[in-house]
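# Close look at the chain arrangement
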Amino acid sequence: GLMEILNATTYTRDAVLSFQRFNARLFKNIPWSSYAMFGGFFAILVAGLVYSILYRRWINLALLVLALLFIVRKFYITYIGPARAFDKSSFKDLQHSYVFRKQGFSVVKGEEEVKRRYQEVVVVFDTPGALYLYFSRDQAFIVQKEGFAKSTDAEQVKKRFVEAIGEKRYVTVKR
């Protein structure tokens, strides 16, 4: 009824990878503009490589090749690695059902139901596509907004969280 707000979230590749990228930016200090940053570094390194070859600066060339390998490896770890790992993982396309009640919420995954009070959530990040409910640095639930039955449901859930944990711990992220 009015007390319960339902959400069905499927852990698709996109949902999980956007969460992993968000989490990486949060905890591994990878800036929001990391694609642009990688692109910029890559362009500078390529220009440096061309200069080094043209002017026979072999030590520069060696250092730039090392820097290039470092950048490529960092890009792989941030973007490509998690995608490949996800494709082999057990929670690929796993469905979670959330029921948000007055005092707390529960998550049903398969046969298992986990009940939580709103106060147990350390911080909520409200992104354009999902709510990330963090219990610790290592544990968070992904609640996709498209999984709500009505468009106003996400706002109702926000009200319940803000009431329980306060404005400071409910963080709205624009992108």
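In this report, we go over the structure that sits alongside the text. Once a new chain begins, its residue numbering starts again from 1 and follows that chain's sequence as written. Where totals are concerned, whole chains, interfaces and linings use all residues; where local detail is concerned, this predicted model gives features only for residues with pLDDT of at least 70, and gives and counts side-chain atom pairs only at 80 or more. Side-chain figures throughout are based on the complete set of non-hydrogen atoms in the structure, without hydrogens or water.

## Looking at the overall build of the protein
Looking only at helices and strands, the protein features four helices and eight strands. C-alpha atoms define the radius of gyration in this analysis, and the globule rule sets the expected value at 2.2 Å times the number of residues to the power 0.38. In terms of overall size, the protein is more extended than a compact globule, its C-alpha atoms giving a radius of gyration of 21 Å where 175 residues would be expected to give roughly 16 Å. When its C-alpha atoms are laid out on the principal axes, the protein stretches across 75 × 35 × 25 Å. Split into buried and exposed, the 175 residues of the protein put 37% on the buried side. When contacts within the protein are restricted to residue pairs at least 6 apart in sequence, long-range pairs at least 24 apart make up 59% of them. Distance from the positive charge centre (27 side chains) to the negative charge centre (15 side chains) of the protein: 11 Å. The way it works is that DSSP assigns letters per residue, a run of H or I at least four long becomes a helix, a run of E at least two long becomes a strand, and they are numbered from the N terminus. Each residue is placed in one exposure class: buried if its accessible area under a 1.4 Å probe, protein chains only, is under 20% of its type's maximum, exposed if it is over 50%, and partly exposed if it falls in between. Between two residues, a contact is recorded if the distance between any of their heavy atoms is within 4.5 Å. Counted as positive: Lys and Arg. Counted as negative: Asp and Glu. His and the chain ends are not counted at all. One atom stands in for each charge, and that atom is NZ of Lys, CZ of Arg, CG of Asp or CD of Glu.

## Section: the environment of leucine 131
Relative to the helices and strands, leucine 131 resides in strand β6 (residues 130-134). For leucine 131, a relative accessible area of 0% gives the class buried. Spatially, the C-alpha atoms of leucine 131 and valine 16 are 12 Å apart, while their sequence positions differ by 115 residues. Apart from the residues within four sequence positions on either side, leucine 131 is in contact with Phe125, Asp126, Phe141, Ile142, Val143, Lys145, Phe148, Val157 and Tyr170.

## Description of the pattern of salt bridges
Basic side-chain nitrogens of Lys or Arg form a salt bridge, by our definition, when they fall within 4 Å of a carboxyl oxygen of Asp or Glu. On inspection of all chains with the given rule, the structure shows four salt bridges. Residue glutamate 4 is joined to arginine 101 by a salt bridge in which the shortest nitrogen-to-oxygen separation is 3.3 Å. Here arginine 101 lies in the loop between β2 (95-100) and β3 (104-109) and glutamate 4 lies in the segment before β1 (5-10), a separation of 97 residues in the sequence. Owing to a relative accessible area of 37%, glutamate 4 belongs among the partly exposed residues under this scheme. The class of arginine 101 is partly exposed, set by a relative accessible area of 29%.

## Considering the pairing of strand β4 (residues 112-117)
For two strands to be treated as a pair, DSSP must find no fewer than two bridges joining them. Alignment of β3 against β4, held across six bridges, turns out to be antiparallel. Across the sheet, serine 106 pairs through a bridge with lysine 115, a residue of β4. Connecting the antiparallel pair β3 and β4 is a turn made up of two residues, with glycine 110 showing a positive phi of about 65°.

## With respect to the packing of aromatic side chains
Each aromatic pair joins two rings of Phe, Tyr and Trp (for Trp, the six-membered one) with centres within 6.5 Å, and gets the label stacked for planes under 30 degrees apart, edge-to-face for over 60, and tilted for any other angle. Inspection of the entire model under this criterion finds 16 aromatic pairs. On the numbers, 5.1 Å between centres and 65° between planes, the contact of phenylalanine 22 with phenylalanine 125 is edge-to-face. In this pair, phenylalanine 22 sits in helix α1 (residues 13-27) while phenylalanine 125 sits in strand β5 (residues 123-126), placing the two residues 103 residues apart along the sequence. Phenylalanine 22 sits in the buried class, given a relative accessible area of 3%. Judged by its relative accessible area of 11%, phenylalanine 125 is buried. Ring-pair connections join several aromatic residues into one group, and the members of that group are Tyr98, Phe100, Phe105, Tyr118, Phe135, Phe141, Phe148 and Phe161. A ring is considered to have a charge above it if a Lys NZ or an Arg CZ atom is located within 6 Å of its centre and within 35 degrees of its normal. One Lys or Arg, arginine 116, reaches over the ring of phenylalanine 135 and ends 4.8 Å from the middle of that ring.

Fair warning: the whole summary comes from geometry, so function is off the table for now.
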